[in-house]
Amino acid sequence: MALLSFPYFPSHFPSLSFSRNTRRCSPSFKMSAQQTANTAIVWFKHDLRIHDHPALTVASSFQSLLPLYVFDRRILSRFSDEMLELLLFALQDLRNSLKERGSNLMIRFGNAEHVIQQLASEVNASCVFAEQEVEYELYLLLDVVKECMKSVTVRERAPRIELWNTPFYDVNVLQNLPASYDDFKKLRLPVTEPLQLSKLPAADMELDWGTLPVYDDVKNFITSNQGRLRERWNSIKLTSAETLLRNKIMKSSESSEGSYDSRQLQSKKSNESVFLSQKGNAVGGGTNNVLNALAAYLRYFEGTARDDWQEIHEKVRASESRNGASFIALFGPALSLGIISRRSVHYEAIKYERERNAGFISPFGYSATTIAGAVDAVCSKEWYWLMALRNQTNNDGIHSTRMWKWNGFLIQYTVAGNDGPAVVLVHGFGAFAEHYRDNINGLAGAGNRVWAITLLGFGNSEKPNIVYTELLWAELVRDFIVDVVGEPVHLVGNSIGGYFVSIVSCLWNVLVKSVVLINSAGNVVPSYTYIPLPEDRKTSGASWLGSRVLLLYLRLRIQELVKKCYPTRTERADDWLINKMLRASYDPGSPVVVESIFGFNLSIPLNFLIEEFREKVLIIQGMKDPISDSSSRVATLKEHCDGLVIKELDAGHCPHDEVPEQVNDILYEWIPRIESQILTGSPA
């Protein structure tokens, strides 16, 4: 019964601390007759489907089954308003689908660990199925559930926790996978096929299954125990950087991009459209809805007379900012909620490709950009999920490496320190969080709590097929501060990362205590009279070709180029740094990130961005920067930006890594100084 399959766990995986009562799901795992004579709980989180659901398939062998969804604030608070809408539609469909197969979906509110603990005792559950998580906070939540289950006794033992996932590739030992995607592709691992489900056992007892709430009830539940400060912080994310920037430039008082109207939300359900949310940006509903929309998406180039498919095709045209980008735009939320599995998307796309080509799959690429877009997206997502799972650590390294999900994409970050002011470090183009390798622990040891983020498109973070802009990266940093750090920070940025943090300080200054710019990108424009508004960006054939040529050039000459950025200590551009950069350059999506170089818009003057914050801005400038004229830059900053603190160092473009001791010493003095001024209320 090769059903509940999760072959990705190695025999020794130090980052996962399974208790004696926690089992790892594997293809060979079978339940005894005594085990299946009891009740199983299937806890749904981001797996809102019955098709291709390995846990449901195995749980169907139990005598009694209790499917459960818990409205837990810690999970719900990560969702945007649109995602909350889509969640409710998906849950309604999930409940209906379970009822059609003789079961139901229990709805509960509260902390998941307490709800599951109580239910397990009430129904004598011998097993709880939960999908494996790589996101740090949810990973911790699973550990809390495991601990709570130890206090429950069913037939003289605690219920087991079965962690599962939907295997995409047939992988035996996760740790044996190569770290390079280029090497991984050479393995030519087969993609497994999705599972089908027929009938499910009922829960043989009288139970209160709960009522599915409406949108307003969920929003009120999420905010009911929040303080006003937290509620205000969460509202910061409602308005895009572009809207705020336009308002600031035009000195407009217009603000938020729309609160949700529950009346509009309710009316959407009666429509035949698969775009069920108020904004109507993404495909929603249940699995069948999504599969129908996927069929329409894949057949975009065939045309259609069906009204529902015509709507899909219109959305494809509107969201195809670059070849294949429309897939993630339209189906990303459905994948994040688990309404459809990644391998189901792959299966449907390949099946259609075979239909188009008389059963033949060309080794030279797919016959339609929609097919390529779907296959590339789910294969890419699977790769980053595999790497995140493999790289999970449990604070057994120099610092803790964690994962956070932003807009459905995996973002890696590092954290160190237990007390003190919050500091967030933002790297430059082509780098990653560990580029601050000798700053993170130094700052933490000096009495700070330090977060270093790897931006979307870099390092071990996901590299989706989207249009990357400086405003998108600024919004990522904003949301990281709000969702992960949770308090105002000292914001440090190097190179293009300095430009991003300048945007954050300009548009959301309540999140920032001070700004540190290390050889920052961006121009100082004296006496500017015009600020250009951001424009929509689309890629061209020239930028597509240019990015591939540039990426090849960078791979061939990366060591030489990086050493030039470390003119006083070239030994700091060591093999570790070069190999990390090279590895990331082979990740799926890397050419798309490089392509963004051709569309960068740094025309908003740096002095405009830091104008209202300049008394709390520290400039650290490596004076031997090969990328810019540091002497001229420093002179311009001194002449046209009053109030800045400027430190000149004998270093290149990355002083924080070339001369980390000197940069750390500067920050050791800067952060307490700003903190003292904040406490006393004195000007910086």
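Quantities reported herein were computed from a predicted structural model and do not represent experimental measurements. (Residues numbered from 1 in each chain as written. Predicted model: local features only at pLDDT ≥ 70, side-chain atom pairs only at ≥ 80, totals over all residues. Heavy atoms only, no water.)

Draft legend 1. Region of the structure containing the confidence of the model for the protein chain. The pLDDT averaged across the protein chain works out to 87; a share of 89% of its residues lies at or above 70. pLDDT under 50 marks residues 1-29. Its contacts with residues more than four places away, or in other chains, come to 94 contacts. (pLDDT = per-residue confidence, 0-100. Contact = heavy atoms within 4.5 Å.)

Draft legend 2. How the structure looks around the pairing of strand S7 (residues 400-406). Burial runs high along S7: six of the seven residues are buried. In this structure, S7 lies alongside strand S8 (residues 409-416), joined through seven bridges in antiparallel fashion. Within S8, the residue paired with Met-403 across the bridge is Gln-412. (Buried < 20%, exposed > 50% of the residue type's maximum accessible area, 1.4 Å probe, protein only. Helix = DSSP H or I, 4+ residues; strand = E, 2+ residues; numbered from the N terminus. Pairing = 2+ DSSP bridges.)

Draft legend 3. Quick peek at the pairing of S8. Among the eight residues in S8, eight count as buried, and that is most of the element. With four bridges joining them, S8 and strand S10 (residues 449-453) adopt antiparallel strand pairing. Its bridge partner lying in S10, Ala-416 is registered against Val-450.

Draft legend 4. Focus on the sheet that holds S7. Taken together, the eight strands give an open sheet; going across it, the order is S7-S8-S10-S9-S11-S12-S13-S14, and neighbouring strands pair in mixed fashion. Both edges of this open sheet fall to S7 and strand S14 (645-649), since each of them pairs with a single strand only. On average, adjacent strands in this sheet sit at an angle of 20° to one another, irrespective of strand direction. Along the sheet face, helix H19 (residues 496-507) touches strand S9 (422-426), strand S11 (489-494) and strand S12 (512-518) and points at about 145° away from the line of S11. (Axes fitted to C-alpha atoms, helices over the stretch in contact; angles between N-to-C directions.)

Draft legend 5. Structural context of the packing of helix H5 (residues 112-123) against helix H6 (residues 136-149). Running from amino to carboxyl end, H5 crosses H6 at an angle of 30°, the nearest separation of the two axes being 9 Å. Judged by the twist between their axes, the crossing of H5 over H6 is right-handed. Residue-level inspection shows Glu-113, Ile-116, Gln-117 and Ala-120 of H5 in contact with H6, the latter providing Leu-141, Val-144, Val-145, Cys-148 and Met-149. Split by residue class, the contact of H5 with H6 holds seven nonpolar, one polar and one charged. (Left-handed = near helix turned anticlockwise from the far one by under 90°. Nonpolar A, V, L, I, M, F, W, Y, C, P; charged D, E, K, R; others polar.)

Draft legend 6. Broad picture of the environment of Ile-107. As for its position among the elements, Ile-107 is in strand S4 (residues 106-109). Along the primary structure Ile-107 and Val-70 are separated by 37 residues, whereas in three dimensions their C-alpha atoms are 6.1 Å apart. Once residues lying within four places of it in the same chain are set aside, the contact partners of Ile-107 are Tyr-69, Phe-71, Arg-95, Trp-209, Gly-210, Thr-211, Leu-212 and Pro-213.

Draft legend 7. Fine view of the nonpolar core. Counting residues in each nonpolar core, the largest one holds 179 residues, and the members touching the most others are Phe-71 and Phe-327. Broken down by element, the residue count for this core peaks at 13 residues, all from helix H16 (residues 369-391). Look past the residues within four positions of Phe-71 in its chain and what remains in contact with it is Leu-76, Leu-87, Leu-88, Leu-91, Ile-107, Arg-108, Phe-109, Gly-110, Leu-212, Pro-213, Val-218 and Phe-221. Listed in part, the 25 residues of the second largest apolar core include Ala-416, Ala-433, Ile-518 and Val-663. (Core = buried A, V, L, I, M, F, W, Y, C linked by side-chain atoms within 4.5 Å.)

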